[in-house]
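Now for the letters of each chain:
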Amino acid sequence: MNQRETLPGGLPVSRDAVDSPVAAAADAHAAEPLAAPQPSAPASTRAMGQSHVHESARAQVAGAAHYIDDLPEVKGTLYAAPILSTVAHGTLNGVDASAALALPGVRGVVLAADVPGDKLLAAFAHDEPVFAHDTVQHIGQVIGLVVADSVMQARRAVRAVQLDITPLPAVLSVHDALKAKSYVLPPVFVRRGDATTGLAQSAHRLQGAFEVGGQEHFYLEGQIAYALPLEQKQWWIYSSTQHPGEVQHWVAHALGLDNHAVRVECRRMGGGFGGKETQAGHLAVWAAVAANKFGRAVKLRLDRDEDFMVTGKRHPFAYEYDVGFDDTGRITGLKLQMAANCGFSADLSGPVADRAVFHSDNAYYLSDVEIASYRCKTNTQSHTAFRGFGGPQGVIVIEAILGDIARALGRDAQDVRLANLYGKDASDGRNVTHYQMTVEDNILHALMPQLERNADYRQRQARIAAWNAQQPVLKRGLAITPVKFGISFTATLFNQAGALVHVYTDGSVQVNHGGTEMGQGLHTKVAQIVADELGVPLSRVLVTASDTSKVPNASATAASSGTDLNGRAAQFAARHVRDNLAAYVCGLDGCGAGAIQFAGGQVISPKKVRQFDDVVKEAYANRIQLWSDGFYRTPKIHYDKATLTGRPFYYFAYGAACSEVVIDTLTGESRVTRVDILHDVGHSINPAIDIGQIEGGFIQGMGWLTTEQLVWNDKGTLTTHAPSTYKIPATGDIPQHFKVELWPEANREDNVGGSKAVGEPPFMLAIGVYEALRNAVAAGRLGADAAAPVVLTAPATAENVLKALGRLEN
């Protein structure tokens, strides 16, 4: 069963999440304590480090948390439904909407000609139309909208629209794209050392190829936007988006307006996972163009099937590799080709593929390496950001290579992985990545052996080997895989954030920042940070909706940096207010401002203890500023996108998982039976939320690699476009033993509260499930096939497991 206890705040978290038994092992590797920004408050009064309830949890459980479709609608609101292409690639000759327009309640149709501004979206590559015109590029591409008095009237009318499309040849696979040199962006090549010589001089050599599928975001709240025209050509857009600033820019661009005329608001999302980083902007633009045409508010919400057909997924990847290694399994030369299926437009494919290149080393030093990255254009949905943002597609290939090396040498894969790790420090010369960033904080030399002991790895390996020798049908597999994940946007300009903190005359505090809440607990953590900075109870701090009219030019809530950026900006804003109050109090008591403490709802000077609320009232009466802005930009980072070299990341987050699986060699079915995780979040701001992110990220990663299969047919139609055919993990898929522990060391970089990002890194821990499955497949091979490379296409569905076992034709 899950190992769970209760921490302060009454929330269940995994056992030893705070007072971990691995603390002693970490002490020798711990950095010096970070300098406190003010005299430390007693631990009992601090909000950070405690497992406080998510700020919306009670409202969500009670059904009182408002999402966009719950908002009261203004009088006269109209509803839109999308007209979708039925051809993967073709010439769009015309749209006949006469039958649709004759239906009750239908107000009209919106097409490309109705876009008052640029007909192309304001995306980075400027290669995607607002509505398809002249040509269609994939089945499900939006050609226009039908607008009606009700949702169902609009959806019924869409089915009456007739499209005249002349089919053209379509590119539907990454292999066809490579042959045709069909790319959304030019290929990228990264080299270090001499891979050709390294391979030629290697004691051993392997070649291989395999594929990893994409993944549907499957957020519980689908894509939605509500566009309200205001007076004097101003707009108010409600958008379920991770990037309100980009939605603002896209809408203004499409309407031919300045950004200041468009206000975008998002209180919360019902999940995002990257799918609402850019592609929420499409919905907002479509709704705004329709609202502009009819002069009425317009709401557009995709149903689940439409969401599948219209929006992009995690990028599927295809790999080819040639690796050389010595007798210990240490890599001595590597040539790697990664081909990303990007869909029909660039979207975020460039930075996604770049991060896959960055993370193709994962935790391992590659001395002589040559990487080719192809960004392939296909006639499918334009793929986009997904949790990990290319990192998982990079990590899985090196882990698969190391697993193949271990089997080729007959060595335990844990030993091979340990032999390839980056160095502990600069002394052994093995701590510089292939993109020329120095790894300064490697804790995996301590963390991985500790997890090995915690999970009883060696003894279990022996027991599993004995089991597999006796069981003819069921085969078990076990694997430990680490993660080293870089934290920061690789596009340096996005590593900035702003926030506003308002202290009202009753002592209550309101915070607004540029990040967005998608269930991950960002608002909760920011409130904890501000509460501690001002020394007030957490209950006195309220975080309000993300709003472009309050904090402008905010970056997307992505790259796991939401708390790092926005939490620090909010901390600085609160610090400005605190400093104003401290200066006022020190003037009263004749002491230095540094002697003033804020803790437990009190302001403490060497002469007097005052209630925070009283100090605020007095400060207001003396015309002291009680609000402030805060701004933060990540230090130290730099990156040359032309050469893919530099320091793109502020720090790395680490972790490791030990995963055990069992497969049925007759049916191909599999189950994950046990998972032990030891993960690095620095000094956790909220252990319950962090452990929830680790558990959720792992299960989502497990789904990507086991059950979530996207299938396009030979016409280019996504056939797995509903829960009936696309299977995300359910409660029954959670391992019976699922234990998470937190590595106790603080972040060695000066990050807020000594914490580390937690959103994306745990996703890649599930790659251990894939490696455990390959080990189980190897144990199920018969005769001469037992030593052959294990080619397991991900996701490892029952069909793909049987193919890997040699029981089905490929």
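Above this note sits the structure.
Below or above, wherever it landed, is the structure these notes cover. Worth saying up front: this structure is predicted, and the values here are computed from it rather than measured. (Residues numbered from 1 in each chain as written. Predicted model: local features only at pLDDT ≥ 70, side-chain atom pairs only at ≥ 80, totals over all residues. Heavy atoms only, no water.)

## Focus on the sheet that holds strand E7 (residues 142-148)
Here is step 1 of the chain: Taken in spatial order, the eight strands make up an open sheet running E5-E7-E3-E14-E11-E12-E13-E22, and their pairing is mixed. Strands with a single pairing partner mark the edges of an open sheet, and in this sheet they are strand E5 (106-110) and strand E22 (546-547).
Here is step 2 of the chain: Sheet topology note: the strand E3 (residues 78-84)/E7 ladder contains six bridges and is antiparallel. Following the sheet pairing, Pro82 is matched in E7 by Leu145.
Here is step 3 of the chain: Where helix H4 (residues 151-158) meets the sheet, it contacts E3, E5, E7 and strand E14 (298-301), and its direction lies at approximately 25 degrees from that of E3.
Here is step 4 of the chain: Relative to the sheet, helix H7 (residues 244-255) contacts strand E12 (235-239), strand E13 (262-266) and E22, its axis offset from that of E13 by approximately 145 degrees. (Pairing = 2+ DSSP bridges. Helix = DSSP H or I, 4+ residues; strand = E, 2+ residues; numbered from the N terminus. Contact = heavy atoms within 4.5 Å. Axes fitted to C-alpha atoms, helices over the stretch in contact; angles between N-to-C directions.)

## Looking at the pattern of salt bridges
Here is step 1 of the chain: The final tally for this structure, using the stated rule, is 40 salt bridges.
Here is step 2 of the chain: Between Arg578 and Asp579 there is a salt bridge, and its shortest N-O distance comes to 3.3 Å.
Here is step 3 of the chain: Look at Arg578 and you get buried, because its relative accessible area is 6%.
Here is step 4 of the chain: Salt-bridge contacts for Arg748 lead to Glu745; the nearest nitrogen and oxygen are separated by 2.6 Å.
Here is step 5 of the chain: For Arg748, a relative accessible area of 31% gives the class partly exposed.
Here is step 6 of the chain: Exposure remark for Glu745: the relative accessible area of 5% places this residue in the buried category.
Here is step 7 of the chain: Each of Glu399, Asp404, Arg407, Arg417, Glu771 and Arg774 takes part in salt bridges that share partners, so that together they form one network. (Salt bridge = Lys/Arg side-chain N within 4 Å of Asp/Glu carboxyl O. Buried < 20%, exposed > 50% of the residue type's maximum accessible area, 1.4 Å probe, protein only.)

## Topic: the nonpolar core
Here is step 1 of the chain: Counting residues in hydrophobic clusters, the biggest one holds 151 residues, and the most contacted among them are Leu334, Val530 and Phe698.
Here is step 2 of the chain: At eleven residues, the largest contribution of residues to this core is made by helix H16 (residues 562-589).
Here is step 3 of the chain: Residues within four places of Leu334 in sequence aside, it is in contact with Ala195, Leu199, Tyr321, Asp322, Val323, Leu366, Asp368, Val369, Glu370, Ile398 and Ile401.
Here is step 4 of the chain: Among the nonpolar cores identified, the runner-up in size contains 38 residues, and Ala112, Leu121, Trp286 and Val310 belong to it. (Core = buried A, V, L, I, M, F, W, Y, C linked by side-chain atoms within 4.5 Å.)

## Examining the packing of aromatic side chains
Here is step 1 of the chain: Applying the stated criterion across every chain yields a total of 24 aromatic pairs.
Here is step 2 of the chain: Judged by centre distance (6.4 Å) and plane angle (55 degrees), the ring pair of Phe652 and Tyr654 falls under tilted.
Here is step 3 of the chain: Under the relative-accessibility criterion, Tyr654 is labelled buried at 0%.
Here is step 4 of the chain: Grouping aromatic residues by their ring pairs yields a cluster made of Phe358, Tyr435, Tyr639, Phe649, Phe652 and Tyr654.
Here is step 5 of the chain: Directly above the ring of Tyr226 sits Lys299, whose terminal nitrogen or CZ lies 5.5 Å from the centroid.
Here is step 6 of the chain: Above the ring of Phe218, the side-chain terminus of Arg304 is found at 4.5 Å from the ring centroid. (Phe/Tyr/Trp six-rings, centres within 6.5 Å; stacked < 30°, edge-to-face > 60°. Lys NZ or Arg CZ within 6 Å of the ring centre and 35° of its normal.)

## Structural notes on the sheet that holds strand E6 (residues 135-136)
Here is step 1 of the chain: Spatial strand order, E6-E4-E8: three strands in an open sheet with antiparallel pairing. Strand pairing shows two members of the sheet lacking a second neighbour, E6 and strand E8 (162-167), which therefore form its edges.
Here is step 2 of the chain: Here six bridges tie strand E4 (residues 90-96) to E8, and the two strands are oriented antiparallel to one another. Residue pairing across strands places Thr91 opposite Thr166, the latter belonging to E8.

## Re the packing of helix H11 (residues 391-409) against helix H19 (residues 767-780)
Here is step 1 of the chain: At a minimum axis distance of 10 Å, the contact between H11 and H19 shows a crossing angle of 30 degrees. Taken as axis vectors, H11 and H19 run roughly parallel relative to one another. Considering only the axes of H11 and H19, their crossing is right-handed. Of the residues in H19, those in contact with Pro392, Val395, Ile396, Glu399, Ala400, Gly403, Asp404 and Arg407 of H11 are Ile767, Tyr770, Glu771, Arg774, Asn775 and Ala778.
Here is step 2 of the chain: Among the residues making up the contact of H11 with H19, the classes are represented as seven nonpolar, two polar and five charged. (Parallel < 35°, antiparallel > 145°, perpendicular 65-115°, else oblique. Left-handed = near helix turned anticlockwise from the far one by under 90°. Nonpolar A, V, L, I, M, F, W, Y, C, P; charged D, E, K, R; others polar.)

## Notes on the environment of Asn93
Here is step 1 of the chain: Along the polypeptide, Asn93 turns up in strand E4.
Here is step 2 of the chain: Taking the C-alpha atoms as reference points, Asn93 and Trp236, 143 residues apart in sequence, are found 35 Å from one another.
Here is step 3 of the chain: Other than its neighbours up to four places away in sequence, Asn93 contacts Asp164, Ile165 and Thr166.

## Some words on the side chain of His217
Here is step 1 of the chain: On the secondary structure map, His217 appears in the loop between strand E10 (204-212) and strand E11 (224-229).
Here is step 2 of the chain: One polar contact links the side chain of His217 to the main-chain amide nitrogen of Gly275, over a distance of 3.3 Å.
Here is step 3 of the chain: Every residue in contact with His217, bar those within four places of it in the chain, is listed here: Gly272, Phe273, Gly274, Gly275, Gly312, Lys313, Thr384, Ala385, Phe386 and Gln700. (Polar contact = N/O pair within 3.5 Å; in protein donor to acceptor, adjacent residues only side chain to side chain.)

## Quick look at helix H14 (residues 457-470)
Here is step 1 of the chain: The first and last C-alpha atoms of H14 sit 20 Å apart over 14 residues, in line with the 20 Å expected at 1.5 Å per residue.
Here is step 2 of the chain: When we look at burial in H14, the residues that qualify are Tyr457, Arg460, Ile464 and Asn468. The buried residues of H14 occupy an angular sector of 75 degrees when projected down its axis, which confines them to one face. Away from its buried face, by an angle of more than 90 degrees, H14 presents the exposed residues Ala462, Ala469 and Gln470.
Here is step 3 of the chain: Its buried side turned inward, H14 meets helix H12 (413-420), helix H13 (444-454), strand E18 (474-487), strand E29 (651-664), strand E30 (670-680) and H19. (Expected span 1.5 Å × (residues − 1). Arc of directions from axis to C-beta.)

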